[in-house]
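Structural characterization, general
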Amino acid sequence: NAGVTQTPKFRVLKTGQSMTLLCAQDMNHEYMYWYRQDPGMGLRLIHYSVGEGTTAKGEVPDGYNVSRLKKQNFLLGLESAAPSQTSVYFCASSRSTGRAEEEQYFGPGTRLTVT
Amino acid sequence: DQQVKQNSPSLSVQEGRISILNCDYTNSMFDYFLWYKKYPAEGPTFLISISSIKDKNEDGRFTVFLNKSAKHLSLHIVPSQPGDSAVYFCAASPETSGSRLTFGEGTQLTVNP
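Attention in this report is confined to the structure presented alongside it.

Basis of the calculations
- Residues numbered from 1 in each chain as written.
- Chains lettered and ligands numbered in written order.
- Predicted model: local features only at pLDDT ≥ 70, side-chain atom pairs only at ≥ 80, totals over all residues.
- Heavy atoms only, no water.
- Pairing = 2+ DSSP bridges.
- Helix = DSSP H or I, 4+ residues; strand = E, 2+ residues; numbered from the N terminus.
- Axes fitted to C-alpha atoms, helices over the stretch in contact; angles between N-to-C directions.
- Contact = heavy atoms within 4.5 Å.
- Buried area = accessible area lost by both parts, 1.4 Å probe.
- Salt bridge = Lys/Arg side-chain N within 4 Å of Asp/Glu carboxyl O.
- Polar contact = N/O pair within 3.5 Å; in protein donor to acceptor, adjacent residues only side chain to side chain.
- Buried < 20%, exposed > 50% of the residue type's maximum accessible area, 1.4 Å probe, protein only.
- Disulfide = S-S within 2.5 Å.

**Quick look at the sheet that holds strand 1 (residues 4–7) of chain A**
Residues and elements named next belong to chain A. On the basis of which strands lie adjacent, the open sheet formed by 4 strands has the order 1-3-8-7 and antiparallel pairing. The open sheet has two edge strands with one neighbour each: strand 1 and strand 7 (65–67). For this sheet, the mean angle separating the axes of adjacent strands, direction not counted, is 20°.

**Describing the interface of chain A and chain B**
Contact with chain A, which involves 24 residues of that partner, is made by 21 residues of chain B. Buried surface at the junction of chain A and chain B, both sides included, amounts to about 1,800 Å², of which 58% is carbon and sulfur. One can count 0 salt bridges joining chain A with chain B. At the boundary of chain A and chain B, one finds 1 residue pair in polar contact (both at pLDDT 80 or more).

**Things to note about the environment of Leu78(A)**
All names here are of chain A. Turning to its location among the elements, Leu-78 is positioned in strand 8 (residues 73–78). Judged by its relative accessible area of 2%, Leu-78 is buried. When the C-alpha positions of Leu-78 and Gly-16 are compared, they lie 9.2 Å apart, and in sequence the two are 62 residues distant.

**So, the side chain of Gln37(A)**
Take Gln37(A): it is sitting in strand 4 (residues 31–38). Discounting chain neighbours no more than four positions away, the residues touching Gln37(A) are Gly42(A), Leu43(A), Ser87(A), Val88(A), Phe90(A), Lys38(B) and Phe89(B).

**A look at the state of the cysteines**
Residue and element names in this part refer to chain A. Applying the stated rule across the entire model yields 2 disulfides over all chains. A sulfur-sulfur separation of 1.9 Å characterises the disulfide bridge that pairs Cys-23 with Cys-91. In this structure the cystine formed by Cys-23 and Cys-91 twists about its S-S bond by roughly -75°; its chirality is therefore left-handed. Of the two residues, Cys-23 sits in strand 3 (residues 19–25) while Cys-91 sits in strand 9 (residues 87–94), which places them 68 residues apart along the sequence.

**Notes on the pairing of strand 5 (residues 42–49) of chain A**
Residue and element names in this part refer to chain A. Among the 8 residues that make up strand 5, 8 are buried, leaving the element largely enclosed by the rest of the structure. As judged from the 7 bridges shared by strand 4 and strand 5, these two strands associate in the antiparallel manner. Bridging across to strand 5, Tyr-33 finds its partner in Tyr-48. Here strand 5 hands over to strand 6 (residues 56–57) after 6 residues, with Gly-53 in that stretch at a positive phi of 85°.

**Regarding the sheet that holds strand 6 (residues 56–59) of chain B**
The 5 strands are arranged 1-3-8-7-6 (chain B) in an open sheet whose pairing can be described as antiparallel. Of all strands in the sheet, those bounded by a partner on one side alone are strand 1 (4–5) and strand 6 of chain B.

**What about the side chain of Ser51(B)?**
Residues and elements named next belong to chain B. Mapped onto the fold, Ser-51 is located in strand 5 (residues 45–51). A relative accessible area of 17% places Ser-51 in the buried class. In contact with Ser-51, other than residues within four places in its own chain, are Asp-31, Tyr-32 and Leu-66.

**Digging into unusual backbone geometry**
Omega for the peptide link from Thr7(A) to Pro8(A) comes to -5°, which places this bond in the cis form. With respect to the helices and strands, Pro8(A) occurs in the loop between strand 1 and strand 2 (10–13). In this chain, Val78(B) is followed by Pro79(B) through a cis amide linkage whose omega measures -10°. Mapped onto the fold, Pro79(B) is located in the loop between strand 8 (72–77) and strand 9 (86–93). Although it is not a glycine, Asn28(A) sits at a positive phi angle of roughly 60°. Within the secondary structure layout, Asn28(A) lies in the loop between strand 3 and strand 4. When its relative accessible area of 56% is taken as the criterion, Asn28(A) is described as exposed. Look at Ala41(B): it is not a glycine, yet its phi comes out positive at around 65°.

Keep in mind that these numbers describe shape and distance, not what the molecule does.
In structure tokens form, the structure reads like this:
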């Protein structure tokens, strides 16, 4: 049982390049999330999904797109990377209750640098 | 605006003493509060939570206190251990938004042997 895994662990992009971050979970969780963590700002929700085929915007969605074609995978795309997207990105998943107290399980993070 | 605020970026305590981490919030719609712990190069892990209908929740060495009138919560760790050294994030959610969490900035706790 690997939990939540993220690919890649590190990436350096040039401004304007595109890339996709992959998140996979093997816990059969319905809900999945993408966060970014920046110094002094905590974790901020980018996009989330409440089930296969669904996506919704979070607090800071601009410049990102997501897809949830399979229940176990949640992809985060950057179409044209900007230096402001330099951050550590965390994926998380939780069970299907959607209740506020439901624990979220996080992946190890992807450190992205845009030059 | 920062709806969940952890005003202390860092805290240093001696092993065996109490660690108190503080968190303030501004949104009166928040019903549920959680603490996550994060080690370097790892994702955050859930530590303890509290509902707004309670003022205290305890789990072993960890206790969370909630003061709704002051919009303030705190995490107490007693006794503190070197393995507790990590970044602690406070998070909050209104019940109506389900599991959408708003996180604070985090507090780096260092427990010295």
